[in-house]
Each structure stands twice: as C-alpha cells, then as structure tokens.
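Structure assessment
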Amino acid sequence: MASNRIGRINEEIQRELAALLRTVKDPRVHGLVSITHVDTTPDLRYAKVFVSVLQKDRSRDVLKGLKSAGGFLRREIGRTLQLRYTPELVFEL
C-alpha cells in the first residue's frame with residue numbers, strides 16, 4: 001500500500017519538475033533537458049531525480065545548474081504538493 005503512494009508521489013514530483021524546468025533562469029539549464037525518473041525514499045526526505053540531456057557535452061553544466069536551482073525547485077514543489085516533508089532533490093544523469 002505504501003509503495004503505491006510513493007509511486008504516485010514520484011509521478012507528481014516528476015510532472016512538477018518537468019513544468020518547473022521552463023521557469024529556471026539559470027542559463028546552464030536551458031536546452032533539451034528532461035526528467036526521466038524520480039525515486040523517493042520511503043520517509044520522503046530525499047528524492048533522486050534522473051535527468052536526460054540531449055547535448056552530452058553540456059551534461060555536467062546542466063547538473064551544476066540544477067543543483068544551484070535545487071532550493072527554488074524544492075520550494076515550488078513544496079508549495080504545489082501537500083506533503084508533510086518536501087524531499088531534498090538529488091540530481092543524477
């Protein structure tokens with residue numbers, strides 16, 4: 001039962017992050033960047049976000065940009081989703 005809830009939360013976080021990527025003002029994040037998968041821990045403290053970048057040579061810059069915008073993204077997710085804890089976002093390729 002709990003894993004079904006975690007799955008729904010993962011999908012909601014993925015959907016919200018995909019929409020929020022367009023609003024990030026960091027120039028390193030622009031281009032074809034997509035969120036492929038989200039894994040949230042059972043206690044909802046951490047969410048591992050898997051990112052795909054079309055231009056492979058820019059992938060490290062995109063990760064640095066996403067990490068610097070992580071606080072903004074976390075705040076916006078917390079505002080949208082009604083969870084007790086807003087998970088800390090960890091970005092990976």
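Residues numbered from 1 in each chain as written. Predicted model: local features only at pLDDT ≥ 70, side-chain atom pairs only at ≥ 80, totals over all residues. Heavy atoms only, no water.

Once that is clear, we can look at the nonpolar core. If you look at soluble globular proteins, the nonpolar side chains tend to sit buried side by side. In terms of nonpolar packing, the biggest core is built from 25 residues, with Leu17, Val49, Val51, Leu66, Leu73, Leu89 and Phe91 touching the most fellow members. Per element, the largest residue contribution to this core is five residues, and it comes from helix α1 (residues 2–20). Every residue in contact with Leu73, bar those within four places of it in the chain, is listed here: Leu17, Leu20, Val24, Leu66, Leu89 and Phe91. (Core = buried A, V, L, I, M, F, W, Y, C linked by side-chain atoms within 4.5 Å. Buried < 20%, exposed > 50% of the residue type's maximum accessible area, 1.4 Å probe, protein only. Helix = DSSP H or I, 4+ residues; strand = E, 2+ residues; numbered from the N terminus. Contact = heavy atoms within 4.5 Å.)

Right, let's talk about the pairing of strand β3 (residues 88–92) for a bit. Judged by which residues are buried, β3 turns out to be one-sided: Leu89 and Phe91 face inward and are buried, whereas Glu88, Val90 and Glu92, on the alternate face, are not. As judged from the five bridges shared by strand β2 (residues 46–53) and β3, these two strands associate in the parallel manner. Bridging from a neighbouring strand, Tyr46 pairs with Glu88 of β3. (Pairing = 2+ DSSP bridges.)

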